[in-house]
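Commentary on secondary and tertiary structure
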Amino acid sequence: MTTTLDDIRTVLIEALELTHQPADLHRDTPLFGALPELDSFGVVQVVAALEEHFEITIDDDEFGAELFETVGSLTDFVDAKRATV
């Protein structure tokens, strides 16, 4: 069984077509502003991929820079969303 963190790593790599390996992405790895691939279009791609992968809905008012601050902040958000489903 994989953890949410493992799945987040995979979703980020696939959605943004990163050359990173999953082990390269840690909870404290910065995202927005640190990954050139995570621009406004990249955010849309990641949100769509997260919604599909985790079968959740992310409302427009839920995603901002703080959500994409680190891999950990994104993981915590997804865990919280899954807990309410």
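These lines cover the structure that appears in this document, whether it is placed above or below. (Residues numbered from 1 in each chain as written. Predicted model: local features only at pLDDT ≥ 70, side-chain atom pairs only at ≥ 80, totals over all residues. Heavy atoms only, no water.)

To continue, consider the packing of helix H1 (residues 4-16) against helix H2 (residues 40-54). Geometrically, a packed helix pair is captured by the angle between its two axes and the distance between the axes. The contact between H1 and H2 brings their axes to 9 Å, and the two run at 135°. If you check the angle between H1 and H2, you find them oblique. Read as a crossing pair, H1 and H2 show a hand that is right-handed. Of the residues in H2, those touching H1 at Thr 4, Asp 7, Ile 8, Val 11, Leu 12, Ala 15 and Leu 16 are Gly 42, Gln 45, Val 46, Ala 49, Leu 50, His 53 and Phe 54. Taken together, the residues of the contact of H1 with H2 sort by class into nine nonpolar, four polar and one charged. (Axes fitted to C-alpha atoms, helices over the stretch in contact; angles between N-to-C directions. Helix = DSSP H or I, 4+ residues; strand = E, 2+ residues; numbered from the N terminus. Parallel < 35°, antiparallel > 145°, perpendicular 65-115°, else oblique. Left-handed = near helix turned anticlockwise from the far one by under 90°. Contact = heavy atoms within 4.5 Å. Nonpolar A, V, L, I, M, F, W, Y, C, P; charged D, E, K, R; others polar.)

Let us now look at the environment of Asp 61. Among the structural elements, Asp 61 can be located in the loop between H2 and helix H3 (71-83). Taking the relative accessible area as the measure of exposure, Asp 61 reaches 71% and is therefore exposed. Considered as a pair, Asp 61 and Gln 45 are 16 residues apart in the sequence and their alpha carbons are 16 Å apart. (Buried < 20%, exposed > 50% of the residue type's maximum accessible area, 1.4 Å probe, protein only.)

All right, on to the pattern of salt bridges then. All chains considered together, the criterion is met by three salt bridges. Linking Lys 81 and Glu 62 is a salt bridge whose minimum nitrogen-to-oxygen distance equals 3.2 Å. With Lys 81 in helix H3 and Glu 62 in the loop between H2 and H3, the pair connects residues that are 19 residues apart, well separated along the chain. A relative accessible area of 16% means that Lys 81 is categorised as buried. (Salt bridge = Lys/Arg side-chain N within 4 Å of Asp/Glu carboxyl O.)

Moving on: H1. Compared with the 18 Å implied by 1.5 Å per residue over 13 residues, the 18 Å span of H1 between its first and last C-alpha is a close match. With ten of 13 residues buried, H1 is to be regarded as a mostly interior element. Along H1, the positions that sit buried rather than exposed are Thr 4, Leu 5, Asp 7, Ile 8, Arg 9, Val 11, Leu 12, Ile 13, Ala 15 and Leu 16. Lining the buried residues of H1 we find H2 and H3. Two residues or fewer past H1, Glu 17 is found with a positive phi of approximately 55°. (Expected span 1.5 Å × (residues − 1).)

Function cannot be inferred from these measures alone, as they are strictly geometric.
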